[in-house]
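Now for the letters of each chain:
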Amino acid sequence: MVHRIPPLNPLRVFEVVARTENLTAAAQHLHVTQSAVSRQIGVLESYLGVQLFRRERHGVSLTRAGRSYADHILPAFETIADATDSLPQGSRQGALRVRTYTTFAAKWLIPKLGQFRAQHPNIEVRISNGVPDVDFDRDPVDVAIQFGNGRWPHVQTDLLFHDEIEPVCSPAYFKSHAPNARYPESLLRQRLLVSHYRRTDWDVWLQAMDLGEPAQDSEHMTFGSTILCWQAAVEGLGMAMGQTALLATEFASGQLVRPFGRPLRRDPAYYLVRPERQRETRKVQVFRDWLLQASEPTRQGTAGPA
């Protein structure tokens, strides 16, 4: 069955006039002239074939047919308004919800959030962690920071910086297991610390540096997260594979050193991920601009260790 629906613009005008029973007030609400309101009401009356308003000396009033029609139309517009208000509420109001990995949040994002807070004190940022790729239809977040090739479906992406990896360990561990600092390869025969979520990093780096043979018989100790793996390196339990962009604090403080000094830059990168088909709110735009600016030194390869 095909429903008979009148032109929506005249119907919207009818809803406002029926609610105010005042052409001038309706015109002001709709940001049009009073004559434009009258013309739209005339269009609707012609379509319906009934008179909806009585034109009186001091304004307009609903006819019996008009009142009956308004009793159905006004609640329908209220339902539409409620549905419209509720749809974008999660992303338009309240805090900016950011999802990323625990290690990235702890070692890169959170240390910089003070800068964002100082520049934008009225924007609250809430950070949640998760490993699976974001699904904006499922996950209650506004933006996400993800690691990969940047080719995810149904999202917009902004490159933050590429992955750069190299082995790291504590200064004491370096001194103990590589007596001659010019030959750090002896460290590869000791314990290698492995992150569960980055378990191929050692193989990739060793192959790229042609150092697979010294590490053939090394002991491996695996941790459930990268941040735990790095903490184990700080405590002298072994040598871990570091991500140089995320360990600036440890390098600056001397907690960790880079015994080989041979970083490997890889194609995978960290990206800011946003919904593809959603009007961006101001808070998302502001956060995106700040994040791109904050990551620019690392993206351009000019970030120092501090």
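1. Points about the overall build of the protein
Across its full length, the protein holds eleven helices and ten strands. Radius of gyration (C-alpha) of the protein: 31 Å, far over the 19 Å computed for a compact globule of 306 residues. Principal-axis analysis of the C-alpha atoms gives the protein an extent of 100 × 45 × 25 Å. Relative to its full complement of 306 residues, the protein shows a buried share of 43%. Taking as baseline every contact in the protein between residues at least 6 positions apart, the subset at least 24 positions apart corresponds to 75%. Taking the average location of the 35 positive side-chain charges in the protein and that of its 32 negative ones, the two points are 7 Å from each other.

2. A look at the pattern of salt bridges
Summed over the entire model, instances satisfying the criterion amount to 19 salt bridges. Among the ionic pairs, D139 bridges to R99, the shortest N-O distance being 3.5 Å. Of the two residues, D139 sits in the loop between β4 (125–129) and β5 (143–148) while R99 sits in strand β3 (residues 96–100), which places them 40 residues apart along the sequence. The class for R99 is buried, based on a relative accessible area of 11%. Across the pair R266 and D201 runs a salt bridge, and its minimum N-O distance is 3.4 Å. Note that R266 is positioned in strand β10 (residues 264–275) and D201 in helix α8 (residues 201–208), a separation of 65 residues in sequence. Accessibility assignment for this pair places R266 and D201 in one class, buried.

3. A closer look at unusual backbone geometry
Positioned with a positive phi, H31 is a non-glycine residue whose angle comes to about 60 degrees. With respect to the helices and strands, H31 occurs in the loop between α2 (23–30) and α3 (34–48).

4. Structural notes on the nonpolar core
F104, L109, L160, F287 and L291 are the most contacted members of the largest nonpolar core, which totals 35 residues. Breaking this core down by element, the ones donating at least two residues are β3, α6 (102–119), β5, β6 (155–168), α9 (226–234), β10 and α11 (282–299). Counting residues per element, this core draws most heavily on α11, at seven residues. The residues contacting L109, other than those within four sequence positions of it, are V98, T100, F104, I127, I145, F287, W290 and L291.

5. Focus on helix α1 (residues 8–20)
Over its 13 residues, α1 runs 19 Å from end to end, which matches the ideal 18 Å to within 8%, given 1.5 Å per residue. Taken together, the buried positions of α1 are P10, L11, V13, F14, E15, V16, V17 and A18. Trailing α1 by a residue or two, E21 shows a phi angle of about 50 degrees, which is positive.

6. Quick notes on the packing of aromatic side chains
Enumeration over the complete set of coordinates arrives at 14 aromatic pairs. Look at F147 and Y270: their rings are 5.0 Å apart centre to centre, the planes differ by 55 degrees, and that puts the pair in the tilted class. Highlighted residues: F147 in strand β5 and Y270 in strand β10, separated in sequence by 123 residues. Centre to centre, the rings of W202 and W205 are 6.4 Å apart; their planes meet at 90 degrees, and the pair counts as edge-to-face. Linking W202 with W205, this pair stays in helix α8, spanning three residues, or about one helical turn. By the burial criterion, W202 is buried, and W205 matches it.

7. Some words on empty space enclosed by the protein
On inspection of all chains with the given rule, the structure shows three cavities of 30 Å³ or more. For the second largest cavity, the calculated volume is near 50 Å³. Considering the residues around the second largest cavity, the lining is formed by L193, V194, S195, R198, D201, W202, T226, C229, W230, M241 and Q243. Contributing elements (two or more residues each) for the lining of the second largest cavity: β7 (192–195), α8, α9 and β9 (239–243). By residue class, the composition of the lining of the second largest cavity is six nonpolar, three polar and two charged.

The rules behind these values
Residues numbered from 1 in each chain as written. Predicted model: local features only at pLDDT ≥ 70, side-chain atom pairs only at ≥ 80, totals over all residues. Heavy atoms only, no water. Helix = DSSP H or I, 4+ residues; strand = E, 2+ residues; numbered from the N terminus. Rg over C-alpha atoms; globule rule 2.2 N^0.38 Å. Buried < 20%, exposed > 50% of the residue type's maximum accessible area, 1.4 Å probe, protein only. Contact = heavy atoms within 4.5 Å. Lys, Arg positive; Asp, Glu negative; His and termini not counted. Charge placed at Lys NZ, Arg CZ, Asp CG, Glu CD. Salt bridge = Lys/Arg side-chain N within 4 Å of Asp/Glu carboxyl O. Core = buried A, V, L, I, M, F, W, Y, C linked by side-chain atoms within 4.5 Å. Expected span 1.5 Å × (residues − 1). Phe/Tyr/Trp six-rings, centres within 6.5 Å; stacked < 30°, edge-to-face > 60°. 1 Å grid on protein atoms, 1.4 Å probe; cavity = no way out; pocket = protein on both sides within 12 Å on 5 of 7 lines; lining within 4 Å. Points joined across faces, edges and corners; volume = space filled by probe spheres on them. Nonpolar A, V, L, I, M, F, W, Y, C, P; charged D, E, K, R; others polar.

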